[in-house]
Amino acid sequence: MSISIDQSICIGCGKCHDVCPGTLIKINEQRKAFIKYPKDCWGCTSCIKECPVHAIRFFLGEDIGGKGSKVHTEKVNGLVRWIFELSDGSIKTIDIDPKESNKY
Amino acid sequence: MKIERIKTDLLIIGGGTAGCYAAIIAAGIQNNPQVAAGTKILIVEKANIKRSGCLAAGVNALNAYITEGRTPKDYVEYAKKDADGIVREDLLYTISEKFNEVTAHLEKLGLVILKDKDGKYIARGNRNIKINGENIKPLLAAAVAKAPGVQVLNHVNITDFSVHDNKIDGAFGFGIENDTFYAIEAKVVIVATGGAAGLYRPNNPGFSRHKMWYPPFNTGAGYAMGIRHGAEMTTFEMRFIALRCKDTIAPTGTLAQGVGAKQVNALGEVYETKYGLSTSERVYGTVVENLEGRGPCYLKTEGISAEQEESLLKAYLNMAPSQTIRWIENGTPSKANVEIEGTEPYIVGGHTASGYWVDTKRATTIKGLYAAGDVAGGCPQKYVTGALAEGEIAAKSAVEYIRTARDCFVANAPRNDDKIDYRRHISEKEIENHVTEIEKFLGNKKGAQTAENLEEAMQLAMDAYAGGIKTGYRYSENQLNRAKKEIEIIEALTDNLSAADLQEVMYIYELKERLTVCKSVIAHLAARHETRWHSFAENLDYPEKDNIHFRKYVNSRLENGEIKIILRELTAEGQKNYEHQH
Ligand SMILES: Cc1cc2nc3c(=O)[nH]c(=O)nc-3n(C[C@H](O)[C@H](O)[C@H](O)COP(=O)(O)OP(=O)(O)OC[C@H]3O[C@@H](n4cnc5c(N)ncnc54)[C@H](O)[C@@H]3O)c2cc1C
Ligand code: SF4
Ligand code: SF4
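Residues numbered from 1 in each chain as written. Chains lettered and ligands numbered in written order. Predicted model: local features only at pLDDT ≥ 70, side-chain atom pairs only at ≥ 80, totals over all residues. Heavy atoms only, no water.

## Some thoughts on the site of ligand 1
All names here are of chain B. Around ligand 1 sit 34 residues in total, of which Thr17, Glu45, Ser52, Ala61 and Asp374 are the nearest. A distance of 3.2 Å separates a nitrogen atom of ligand 1 from a polar side-chain atom of asparagine 157. Within the complex, the protein chains bury 97% of what would otherwise be the 1000 Å² of accessible surface of ligand 1. Secondary structure elements with two or more residues in the shell around ligand 1: helix H1 (17–30), strand S4 (59–62), strand S9 (156–164) and helix H12 (383–412). (Near = heavy atom within 4 Å. Polar contact = N/O pair within 3.5 Å; in protein donor to acceptor, adjacent residues only side chain to side chain. Areas by Shrake-Rupley, 256 points an atom, 1.4 Å probe, with all protein chains shown as cover. Helix = DSSP H or I, 4+ residues; strand = E, 2+ residues; numbered from the N terminus.)

Rendered as structure tokens:
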């Protein structure tokens, strides 16, 4: 369970670094973010929700059933869109209205 | 390393659920003209209050709420029954009476709560209401930012209290990224550092070792600092073992209460009714079914409707997103039941009753130190609203403490001056001692041991000898003795650890905190000569419940380096107030 950061997109704003509850993400000298302690990630997805350019992806480790999908969120028309890039190349999305409660 | 001295009035250690709320309430009180304004409030948080602690990913229900037709007394009774009597009713009452008030406050701050067409909250079971709690922590953090007089120090890890003659006057810590040591002097302190994860070998010890239920960054610092300074602690033997979705360790309440999924074994039999429905019995039943060859166990979700499934996928994204990903990658809950397993044991006073022994005002046995949330003991089933309620109670008590201390000071030295400073001054020598210790770790030559290896060794020892997953949570006295020895050996090795930077120094302190907590857990497990809660404290030498000798609180205090066990009588039925006997 961890995250990966696409440094070619990262603009070095530092927001992911700021919110990580374990302070696991650092910014290097080229002002690119990297996860210094990948095994220490709790999987809270806070960093992913913060990134303004959607450079961060979240994945499950193979040890807990991960199959290579990459996940991130984007805000679309006031909705939170979860985007799942599956390993077979297909994409699935789930939209959540932040103004609506969970049903369960 | 730079050294910075800070003076504040109210220091809050840990800016999580309870800590943030304590700051918001304390700031509100000081706006009240009857209280001396200008009280300085400082939150010190090891991460960043925007997403730190239990609420980082979000939560999707408020598990403690007084629903229509129910009373706070019902909640107290429920929690008492679930813990088989070992609770403090005064503590449970005082939070239960506040659940609905703090919920209304959360809604005002922007929390979305599910309502029916008449605008009434929709209950989930008897005690829960459903929310969209994905952003609950950012909402609290935004309220802190608006609260007058509140300052926040993010990314500063507190490692020690400053205590003299059993009275707290501040704390020590360091910035994990700014090369600064902080000596903070305060008139009163609230500790709100949450519980302790990572004591036992986790479910997934490999790459996903931190995919645990409780935040791996809550390392028991608050417990450890209190223990070392001789605070009385309670009920560390009542470990919390969560029944969770296998692999992702995501909560199961949403499945059980949301879609009514029952616990079934591999034969498809509903087994939960066979063992009882208390929190510990649900875990125990699952352990026994597995041991007796009827595992794996599941929550029966097969056949739920497409609509139900969609709501589930969304609900988990707002709380434990990895579970939704797992479903999408491996088959969704309508098609396959969800496998469940018990987690490694955690010490967490918001679910079970481990933590500081506090009075009704949440004062610990160290003068001037208050505790709130998962770090405070005696009061299980607190959850989010209980942590907020305790934050509020502790904040009010702390402000009151400052006022009476000032009155007392003014009476002794009559000068009509609000600015009189009666904080004790932290000496240069004390600062030097702390800095020297940190610099020792930075200067130590890299040796054979690392904090990571020693942490793993600690988790293995706890797993094998102090009732971890490996033994089905069971332990014997002989095993506990062995656990104690192993932990002491590991502890002796920590002095030689080396660190490249202050973040690595923090990891060393976290390890030390966990080791301190482990020793208390072991001592408490050994002291309760009975099995009152299956799995949570399953003592093989005493497999039965013993109401004659152990309808008692098992408390402890460190005296001359040894953990002294104190058995205390339960408070009286219905007792609404408890004071420390100093
Ligand atoms: C995954 C998960 C899901 C949950 N779901 C629900 C739910 O749906 N409904 C519900 O009602 N309850 C739920 N709970 C329970 C509830 O969230 C907690 O009981 C409550 O938030 C605890 O609050 P706290 O303030 O004690 O701890 P936290 O909110 O964790 O705060 C502790 C803070 O202290 C900081 N800290 C720790 N050590 C130090 C140090 N040495 N120096 C400085 N800072 C430090 C931490 O970084 C953290 O910010 C859930 C808990 C978890 C873990
Ligand atoms: S998912 Fe959470 S724990 Fe992991 S790197 Fe991002 S913010 Fe940190
Ligand atoms: S939030 Fe995104 S853009 Fe900003 S530093 Fe992190 S990865 Fe880079």
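## Overview of the site of ligand 3
In the vicinity of ligand 3 there are 13 residues, among which A:Cys10, A:Cys13, A:Gly14, A:Cys16 and A:Cys51 approach most closely. Considering only residue class, the shell around ligand 3 consists of 11 nonpolar, 2 polar and no charged. (Nonpolar A, V, L, I, M, F, W, Y, C, P; charged D, E, K, R; others polar.)

## Focus: the pattern of salt bridges
All chains considered together, the criterion is met by 49 salt bridges over all chains. In this structure, A:Arg57 and A:Glu85 form a salt bridge, with 2.7 Å as the shortest nitrogen-oxygen distance. On the criterion of sequence distance, the pair formed by A:Arg57 in strand S4 (residues 56–59) and A:Glu85 in strand S6 (residues 79–85) is long-range, its members being 28 residues apart. Under the relative-accessibility criterion, A:Arg57 is labelled buried at 18%. The partner of B:Lys274 in a salt bridge is B:Glu289, with the nearest N and O atoms 3.2 Å apart. Separated by 15 residues along the polypeptide, B:Lys274 in helix H8 (residues 272–275) and B:Glu289 in helix H9 (residues 279–291) bring together distant segments of the chain. (Salt bridge = Lys/Arg side-chain N within 4 Å of Asp/Glu carboxyl O. Buried < 20%, exposed > 50% of the residue type's maximum accessible area, 1.4 Å probe, protein only.)

## Thoughts on the side chain of B:Arg239
Residues and elements named next belong to chain B. Structurally, the position occupied by arginine 239 is in the loop between strand S13 (233–234) and strand S14 (243–245). Buried arginine 239, no salt bridge; nearest opposite-charge side chain is glutamate 538, N-O distance 7.5 Å. Among the polar contacts listed, one links the side chain of arginine 239 to the backbone oxygen of alanine 466, at a separation of 3.0 Å. (Lys, Arg positive; Asp, Glu negative; His and termini not counted.)

## Quick look at unusual backbone geometry
Residue and element names in this part refer to chain B. The step from glycine 295 to proline 296 runs through a cis peptide bond, and the omega angle for that step is -10°. Relative to the helices and strands, proline 296 is located in the loop between H9 and strand S16 (297–299). The residue glutamine 381 is not glycine, and still its phi comes out positive at about 60°. Relative to the helices and strands, glutamine 381 is located in the loop between strand S19 (369–371) and H12.

## Here we look at the pairing of S6(A)
Two faces, one strand: in a regular strand the side chains alternate between the faces of the sheet. All names here are of chain A. Of the strand pairs in this sheet, strand S5 (residues 70–76) and S6 are connected by 7 bridges, and their pairing is antiparallel. Among the inter-strand pairings, lysine 75 is bridged to a residue of S6, identified as valine 80. What sits between S5 and S6 in their antiparallel hairpin is a turn of 2 residues, with asparagine 77 showing a positive phi close to 50°. With 6 bridges connecting them, S6 and strand S7 (residues 91–96) associate as antiparallel partners. (Pairing = 2+ DSSP bridges.)

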